[in-house]
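Structural overview for review
What follows is each chain in one-letter form.
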Amino acid sequence: MTVIGKRTGSFRDQQTGQEVTFGKLYVVYDAKNVEGQVAESISVKPDLLKDIPVGSEVELYYNKYGRVFSFDLI
């Protein structure tokens, strides 16, 4: 999959009042039965984003809870 963008942001949790920081990775990839490519936004920890350059090809690794925990640049 190809990284086409990334974003780090934060918001204040209304229930706890704590600051929550998040990361989004925007990617495109080929998929079966799709004409063109699929575009997707994937939630990741903000500290992972700093090591993923826009325009790079990546392979993401997910934990048993379906969250990205690591990646390889291809």
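Conventions used here
Residues numbered from 1 in each chain as written. Predicted model: local features only at pLDDT ≥ 70, side-chain atom pairs only at ≥ 80, totals over all residues. Heavy atoms only, no water. Phe/Tyr/Trp six-rings, centres within 6.5 Å; stacked < 30°, edge-to-face > 60°. Helix = DSSP H or I, 4+ residues; strand = E, 2+ residues; numbered from the N terminus. Buried < 20%, exposed > 50% of the residue type's maximum accessible area, 1.4 Å probe, protein only. Pairing = 2+ DSSP bridges. Salt bridge = Lys/Arg side-chain N within 4 Å of Asp/Glu carboxyl O. Core = buried A, V, L, I, M, F, W, Y, C linked by side-chain atoms within 4.5 Å. Contact = heavy atoms within 4.5 Å.

1. Some thoughts on the packing of aromatic side chains
Scanning the entire structure with this criterion turns up one aromatic pair. Taking 6.2 Å as the distance between ring centres and 40 degrees as the angle between the ring planes, the aromatic pair formed by Phe 11 and Phe 22 counts as tilted. Of this pair, Phe 11 sits in strand S1 (residues 2-12) while Phe 22 sits in strand S2 (residues 19-29); the two residues are 11 residues apart in sequence, bridging distant segments of the chain. In this structure Phe 11 comes out as partly exposed when scored by relative accessible area, which is 41%.

2. Re the pairing of S1
Relative to S2, S1 runs antiparallel, the two sharing 10 bridges. By the bridge assignment, Gly 9 is partnered in S2 with Phe 22. Where S1 hands over to S2, the hairpin turn is made up of six residues, of which Gly 17 adopts a positive phi near 80 degrees.

3. Thoughts on the pattern of salt bridges
The final tally for this structure, using the stated rule, is two salt bridges. Notably, a salt bridge pairs Arg 12 with Glu 19, separated by 3.2 Å at the nearest N-O pair. The exposure class assigned to Arg 12 is exposed, which follows from its relative accessible area of 52%.

4. A word on the nonpolar core
Val 3, Leu 25, Val 27, Ile 42, Val 44, Leu 48, Leu 49, Ile 52, Val 58, Leu 60, Val 68 and Phe 71 form the largest nonpolar core, which has 12 residues in total. Among the secondary structure elements, those contributing two or more residues to this core are S2, strand S3 (38-44), helix H1 (46-49), strand S4 (58-62) and strand S5 (68-73). Look past the residues within four positions of Leu 60 in its chain and what remains in contact with it is Met 1, Leu 25, Ile 42, Val 68, Ser 70 and Phe 71.

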